[in-house]
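For reference, the chains in residue letters:
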Amino acid sequence: MSAKHTHISDVLVVGAGLAAERSAIEAAEQGLSVIILSLIPPRRSHSTAAQGGMQASLGNVAMGLGDNPRIHLEDTIKGSDWGCDQEVAKAFCDTVPIMIRQLDAWGVPWNRVTAGKKKYASGVETEDLKEKEGLITARDFGGVAKWRCCYTADGTGHTVMFVVDTVVCKMGITVHDRMEAISLIHDGETCLGVVARDLRTGDLNVYLAKSTVIGTGGAGRIYAASTNAVICEGTGGAICLNTGLVPLGNMEAVQFHPTGMPPVWILMTEGARGDGGYLLDKNMHRFMPDYEPKKKELASRDVVSRRMIQHIRAGYGIQSKYAPQHLWLDIRHLGRKWVWNNLREISNIAMNFNGLDPAKDLVPVLPTQHYTMGGIRTNKNGFAYGLKGLFAIGEAACWDLHGFNRLGGNSLAETVTAGFLVGKEVAKYTLGATQKFDYKLVEGFVKQEEERINNLISGRNGKENAYEIKEAMGQAMMDHVHIFRTGPALQEGVTKLQELYRRSLKIGLRSSGQGANPELAQALRMPGMIRMALCVAYGALMRTESSGSHSREDFPKRDDVNWLKRTLAYWKPGADLPTLDYEPVATPHMPPGDRGYGEATAGPKAAK
Amino acid sequence: MARQLTFSIFRYNPNKPGDKPRMQEYSFEEFEGLTMFVALNKIREEMDPTLMFDFVCRAAICGSCAMMINGRPRLACKTMTINLPSRITVMPLPVFKLIGDLSVDTGTWFRNLQVKTESWIHTNKKFDPNALEVRMENKIAEQIYEPERCVECGCCVATCVTANIREDFIGATGINRVSRFMMDPRDERSDAEYYEVVGNEDGAFGCVGLMACADLCPMEIPLQTQLAYARRKMAAAGLKLQFAGVKIS
Ligand SMILES: Cc1cc2nc3c(=O)[nH]c(=O)nc-3n(C[C@H](O)[C@H](O)[C@H](O)COP(=O)(O)OP(=O)(O)OC[C@H]3O[C@@H](n4cnc5c(N)ncnc54)[C@H](O)[C@@H]3O)c2cc1C
Ligand code: SF4
Ligand code: SF4
Ligand code: FES
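Residues numbered from 1 in each chain as written. Chains lettered and ligands numbered in written order. Predicted model: local features only at pLDDT ≥ 70, side-chain atom pairs only at ≥ 80, totals over all residues. Heavy atoms only, no water.

### Some thoughts on the overall build of chain B
- For chain B, the helix and strand inventory stands at eight helices and seven strands.
- In terms of overall dimensions, chain B has C-alpha extents of about 65 × 45 × 35 Å along its principal axes.
- Considering chain B as a whole, with its 249 residues, one finds that 55% of them fall into the buried category.
- The long-range fraction of contacts in chain B, counting pairs at least 24 apart against all pairs at least 6 apart in sequence, stands at 63%.
- Only carbon and sulfur atoms are counted for the fraction: they give 53% of the accessible area of chain B, which is about 11,400 Å².
- With 30 positive and 31 negative side-chain charges, chain B shows a spacing of 2 Å between the two charge centroids. (Helix = DSSP H or I, 4+ residues; strand = E, 2+ residues; numbered from the N terminus. Buried < 20%, exposed > 50% of the residue type's maximum accessible area, 1.4 Å probe, protein only. Contact = heavy atoms within 4.5 Å. Areas by Shrake-Rupley, 256 points an atom, 1.4 Å probe, with all protein chains shown as cover. Lys, Arg positive; Asp, Glu negative; His and termini not counted. Charge placed at Lys NZ, Arg CZ, Asp CG, Glu CD.)

### Describing the site of ligand 3
- Near ligand 3 the following residues occur: B:C150, B:V151, B:E152, B:C153, B:G154, B:C155, B:C156, B:T173, B:C217, B:P218, B:M219 and B:L223.
- Of the residues contributing to the shell around ligand 3, the split by class is nine nonpolar, two polar and one charged. (Near = heavy atom within 4 Å. Nonpolar A, V, L, I, M, F, W, Y, C, P; charged D, E, K, R; others polar.)

### Some points on the interface of chain A and chain B
- Each partner contributes to the interface: chain A provides 70 residues, whereas chain B provides 63 residues.
- For the chain A and chain B pair, buried surface summed over both sides reaches about 5,400 Å², with 54% attributable to carbon and sulfur atoms.
- Considering only the surface of chain A that becomes buried against chain B, A:R44, A:R101 and A:F353 emerge as the three largest contributors, covering 13% of it.
- Across the salt bridge formed by A:R178 and B:D54, the nearest N and O atoms sit 2.9 Å from each other.
- Across the contact surface, chain A and chain B share 34 residue pairs in polar contact (both at pLDDT 80 or more).
- Where the side of chain A that touches chain B is concerned, the elements lending two or more residues are α3 (86-106), α4 (156-171), β7 (174-177), α10 (344-354) and α15 (518-542) of chain A.
- Considering every element that reaches the side of chain A that touches chain B, the biggest residue donor is α4(A), with seven residues.
- When grouped by side-chain class, the residues that make up the side of chain A that touches chain B number 29 nonpolar, 22 polar and 19 charged. (Buried area = accessible area lost by both parts, 1.4 Å probe. Salt bridge = Lys/Arg side-chain N within 4 Å of Asp/Glu carboxyl O. Polar contact = N/O pair within 3.5 Å; in protein donor to acceptor, adjacent residues only side chain to side chain.)

### Some remarks on the nonpolar core
- One finds A:L184, A:V194, A:L390, A:M473 and A:L497 to be the most contacted residues of the largest nonpolar core, which totals 77 residues.
- Among the elements that take part in this core, α15(A) stands out by supplying 15 residues, more than any other.
- Contact partners of A:L184, with chain neighbours within four places excluded, come to A:C191, A:G193, A:V194, A:I214, A:I239, A:C240, A:T243, A:L387, A:L390 and A:F445.
- Counting 68 residues, the second-largest nonpolar core is a separate cluster that includes B:F53, B:C155, B:Y194 and B:C213. (Core = buried A, V, L, I, M, F, W, Y, C linked by side-chain atoms within 4.5 Å.)

### With respect to the domain arrangement of chain B
All names here are of chain B.
- One can read the domain layout of chain B as domain 1 (4-103) and domain 2 (118-240).
- Computed over C-alpha atoms only, the centres of domain 1 and domain 2 are separated by 31 Å.
- Counting residues at the interface gives 15 residues for domain 1, matched by 14 residues for domain 2.
- Both faces combined, the contact of domain 1 with domain 2 buries some 1,000 Å², and carbon together with sulfur accounts for 70% of it.
- Across the contact surface, domain 1 and domain 2 share zero salt bridges.
- The interface formed by domain 1 and domain 2 includes one residue pair in polar contact (both at pLDDT 80 or more).
- Mapped onto the side of domain 1 that touches domain 2, the elements with two or more residues apiece are β3 (66-69) and β4 (72-75).
- The dominant element in the side of domain 1 that touches domain 2, judged by the number of residues it contributes, is β4, at four residues.
- Split into classes, the residues belonging to the side of domain 1 that touches domain 2 amount to 11 nonpolar, one polar and three charged. (Domains from an automatic or database assignment.)

### With respect to helix α1 (residues 18-29) of chain A
Residue and element names in this part refer to chain A.
- With 12 residues, α1 extends 16 Å from end C-alpha to end C-alpha; this agrees with the ideal 16 Å at 1.5 Å per step.
- Among the 12 residues that make up α1, 11 are buried, leaving the element largely enclosed by the rest of the structure.
- Buried residues of α1: L18, A19, A20, E21, R22, S23, A24, I25, E26, A27 and A28, and no others.
- Trailing α1 by a residue or two, G31 shows a phi angle of about 85 degrees, which is positive. (Expected span 1.5 Å × (residues − 1).)

This is the structure in structure tokens:
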């Protein structure tokens, strides 16, 4: 076997989710030739699963009047627990309203303001203005001062993904779906493209480009329970990390969403609480106001998730067939019409997977891995650290809009905004770059992958089972690197993962590995996935403070003196642990302070 | 006592020299909450690592996992075995190109469909980044959202008689997609322009209206209403063109 085909373009975009496609559009608009690679047809990307909406300070809805990018910026910085890059956040908040309107012009059927008095189930009474009628409306979301989450019912990700893909179709941008990038080609200085495995045939292909953009989404599947799609295995980050030159930023910053639904861990959107839903305990008591009198169910996600676990630990959890311990989401009081119109997707999910009708039944929920704040570290223009001609965007990147906690609705908004802003930078860079051809170098990278494949097929390195290792990794992350963290538990997790890492280098297939063999695909991903997992676990072990979603019980306070910095994790050749480095976090727009919710304002313990 | 389930699964890998289509059986005991997603993964991870199938969201949102389960196209991820007999036959969707076993190439089919029907907003307006969005009634936004919800799973195509015999027929999903643009005030295409795209036997007039597709849409899109809407509009447009002396095929 050698490379079946070689494809050459100006820009190579790895991924076809919202971030990737939006950047491809920007590059193609400059007349550059673009090829998009994806594991699956673009419209099936995980972006399509986003339900709740997209934050933008349009200020049309009554509860959003007076909103502006500055208030959005403050919410984002507070939400991030001051861990984000404030310059990136500012550029983002300033640009996102334009993005929403452009998506509207492209065809997204955003829900609109209807004039008149309204009474929401949450008790809020408002009156929408006649002069705002027909403009894009918004709903409430966690951790925000104004309602600014723009939505299309609860299928926002779907409509935005489909509409962005219509533009890709219209422009005739080339998409190679079922094509998995399995290694980065580089000469130590510049990225030249990727080696990819065709998931239809099993053939290896080479893609060469002046610039390579990684938009491969999150890495949720390093945890056994995640709201993420099954393809969110973090391979884009892993192939960058494998170069030994490109670092991952803040991998210990992992978001747990308060309302994953056991036993399948599918998400119940934050919109359910935004629209007035409650969390109840085993006594049917609405406990969030006891902990967070001001923000209640709508404090930021890290805070709500911690409060839920805290409440369960205090003995108020429910034991049922759904999970050994969980709490209830209650949206019955919103009324059948609201539930089945505005929250239809999650109502379907509750019905399909647990036979529950949220208009009359309680829905079991438990905090669940949801979002990867960390990722391929880039500068504010999206250039990856460590290699020229390499960019990263969306959930795969650590552009660092989110710091230690992402606000709900800021991620979809990030994908298109970064796609636009970074896409422009990609175009600019590419127009001034020359293509490097070094066929010997390329051949070397292909050989390396062939060898890996041959070893897996022949079982030369061992007979370890890829699926068993994957399961053990997921469980180790659940047991040791979850919402509440402690030094000893993290150390145990790191040790287990190191052991699994060594075993992952000895995987041997049980099948022939011929053609588009799925076992081979999983086996090829495993060492990289465990390296990613180790970056999370080891980064968490070394960060001796609590910040946003990173919550150390042995170091419960944020420590700005020692830890106002970002972790950079490198994987040196032959290592079995990442090498950690740190860089300072600047705060030019808003000095570190108190979030106004969460630990610093902890109220009395739960009432009975 | 738990039931013993038997899965009879279509196997064929066109990329493996000498491979022949066949049915293969796997059995295990049913357990609480078992879906076809869990079952197929269990078979792959524990019994047969070569088995090919597609799942992405596993939440009935992305449309990846449609397959014929006991003769009916369904999203496998939301199909609970408890609602099926103990013998379960699983076949790939017809019409679409087979990749291997239960995996079919819906991606290429749907991309061709979008391009063929020009399913994007056609407008001469240039986007002005400094202007407010154009106002729209919320009711209209909700109307557009209804057909927009199609996840391109292919279930409606798989059961359609016309699609099974006419390779270029765009199916209920295609007609539904075009009707979504017809009802969108932002799309400036005239009925005559739509007519050019779908006013033919591969489009709205190829549909024989038996509605085999209607109850099968996992998103519960009112296909009957959408098809009738598009057909009516196209028939009227056809008449108008005929009056105007345009020759139509
Ligand atoms: C259930 C759920 C609901 C959510 N709801 C919201 C919400 O309401 N609001 C919000 O702001 N955020 C939400 N999020 C988060 C948000 O949806 C994601 O962060 C965002 O969509 C990620 O987009 P992306 O473009 O970065 O990646 P994705 O959409 O995940 O796309 C990744 C792409 O990369 C491709 N790919 C991956 N690896 C490779 C490889 N090795 N080779 C080639 N291609 C590859 C995939 O095929 C895919 O096309 C939600 C997340 C989940 C899990
Ligand atoms: S009604 Fe039309 S689209 Fe639906 S199955 Fe029949 S011929 Fe096909
Ligand atoms: S119309 Fe329904 S059945 Fe047909 S492809 Fe779309 S979602 Fe699937
Ligand atoms: S896996 Fe997405 S619809 Fe079944």
